[in-house]
Amino acid sequence: MTQPRHNEPVPLGGTGSPPYSKGLMARALMAVGVRAVPAYELARRVDEDIDARAADGIDLDRLAFVAVNVLGEVEGMEAVRRLRSYRELRELDHPIILLVGGATGTGKSTVATEAAYRLGITRVTSTDFVRQTMRAFFSRDFMPSIHYSSFEAGDAIHEPEGDAALQGFQEQTRNVLVGVHAALERALEEGWSMVLEGVHLVPGLIPVQPIDGALVVQCVLSIEDEDTHASHFMIRDAASGGLRSVDKYMDRFDEIRRIQRHIVARARRSQVPVIENLNLERAISSVMALVLSGAERLQRV
């Protein structure tokens with residue numbers, strides 16, 4: 001049985017719908033990629049337009065008129081186009097599987113959690129959670145690679161052939177993906193929507209092909225600038241009160257960067273979108289755009 005997402009209608013108001021809400025409209029606009037300040041300004045102007053017409057709501061054609069005045073013609077029309085797609089996505093009776101990959105420290109969990117919220121998906125998990133679960137069943141002697149962080153897995157390779165960090169990461173990934181495949185199969189079997197994030201979602205190793213009755217979207221996050229990437233670990237240290245010490249990551253920063261190059265190269269060979277996460281809101285908007293585009297293609301089939 002399909003478990004529906006927590007779907008809220010696009011908040012246009014009008015007969016038979018909940019009253020227009022500036023807050024809900026702003027949230028819907030941000031979900032389709034409008035930045036926060038313009039989204040709230042457009043939602044406020046829509047409210048004023050409804051009052052001026054003594055109406056109880058607005059349709060998308062009228063919304064396009066207001067949006068063009070607030071955002072400009074190109075951005076305004078694109079926002080409404082995406083809002084139409086968003087409304088159709090909310091009504092789509094298909095589970096959504098969103099896979100967000102990328103190296104350690106690229107912002108996967110933050111982007112995945114926010115995308116899940118905007119999509120109304122309550123199941124969000126990570127490949128590290130799968131790895132941690134597997135550690136409870138498989139001893140260090142039997143499956144050594146899963147007992148290390150992804151960037152430390154080279155320590156499990158006693159006689160490396162080439163780059164030990166990459167070899168250890170690849171071995172760990174192959175092991176973890178056994179559990180990931182099982183989780184995805186269960187979600188699809190039950191009709192659940194799910195957002196899964198993690199370093200182990202390496203394009204080409206986790207095949208993503210069209211699946212009847214489901215929308216599957218995969219992307220990879222990247223941070224090309226080394227200083228910006230390193231700053232994420234400092235923020236992580238501060239946010240965790242030192243429990244996730246920056247030193248742990250900076251001591252292995254070269255390994256993390258090599259793993260990122262490996263994942264990005266595989267993504268490009270597999271034609272999986274790579275999203276540069278220099279700005280959180282833009283990265284989330286890019287992920288949402290991929291989901292909306294996927295929904296449009298699914299509806300055309």
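Before any of the text, the structure's been laid out above.
The following refers to the structure shown.

Right, let's talk about the environment of Arg-252 for a bit. As for its placement among the helices and strands, Arg-252 is situated in the loop between helix 9 (246-250) and helix 10 (253-269). When the C-alpha positions of Arg-252 and Arg-174 are compared, they lie 21 Å apart, and in sequence the two are 78 residues distant. Filtering out sequence-adjacent residues up to four positions away, Arg-252 remains in contact with Phe-151, Glu-152 and Asp-155.

This part is about the sheet that holds strand 4 (residues 215-222). The strand order 2-3-1-4-5 describes an open sheet built from five strands, whose pairing is parallel. At either end of the open sheet lies a strand with only one pairing partner, and these are strand 2 (124-126) and strand 5 (274-276). Averaged over all neighbouring strand pairs, the angle between strand axes comes to 25°, with direction disregarded. Here four bridges tie strand 1 (residues 96-102) to strand 3 (residues 194-197), and the two strands are oriented parallel to one another. Along strand 3, the bridge assignment pairs Leu-98 with Val-195. Set on the sheet, helix 5 (residues 108-119) makes contact with strand 1, strand 2, strand 3 and strand 4; between it and strand 1 the angle comes to about 165°. Each of strand 1 and strand 3 is contacted by helix 7 (residues 164-190), which is oriented at about 170° to strand 3, the strand it contacts most.

Attention now goes to the nonpolar core. Met-25, Val-46, Leu-63, Leu-83, Tyr-86, Leu-89 and Leu-98 are the most contacted members of the largest nonpolar core, which has 51 residues in total. Residue contributions to this core peak at seven residues, all from helix 11 (residues 280-300). What Val-46 contacts, discounting residues up to four positions off in sequence, is Tyr-20, Ile-58, Leu-63 and Val-66.

Attention shifts here to the packing of helix 3 (residues 60-71) against helix 4 (residues 73-91). Relative to each other, helix 3 and helix 4 sit at 145°, their axes nearing to 7 Å. Once helix 3 is placed against helix 4, the crossing between them reads as right-handed. Two secondary-structure elements touch here, helix 3 through Leu-60, Asp-61, Leu-63, Ala-64, Ala-67, Val-68 and Leu-71 and helix 4 through Glu-73, Glu-75, Gly-76, Met-77, Ala-79, Val-80, Leu-83, Arg-84 and Arg-87. Of the residues belonging to the contact of helix 3 with helix 4, the class tally is 10 nonpolar, one polar and five charged.

Rules used throughout
- Residues numbered from 1 in each chain as written.
- Predicted model: local features only at pLDDT ≥ 70, side-chain atom pairs only at ≥ 80, totals over all residues.
- Heavy atoms only, no water.
- Helix = DSSP H or I, 4+ residues; strand = E, 2+ residues; numbered from the N terminus.
- Contact = heavy atoms within 4.5 Å.
- Pairing = 2+ DSSP bridges.
- Axes fitted to C-alpha atoms, helices over the stretch in contact; angles between N-to-C directions.
- Core = buried A, V, L, I, M, F, W, Y, C linked by side-chain atoms within 4.5 Å.
- Buried < 20%, exposed > 50% of the residue type's maximum accessible area, 1.4 Å probe, protein only.
- Left-handed = near helix turned anticlockwise from the far one by under 90°.
- Nonpolar A, V, L, I, M, F, W, Y, C, P; charged D, E, K, R; others polar.

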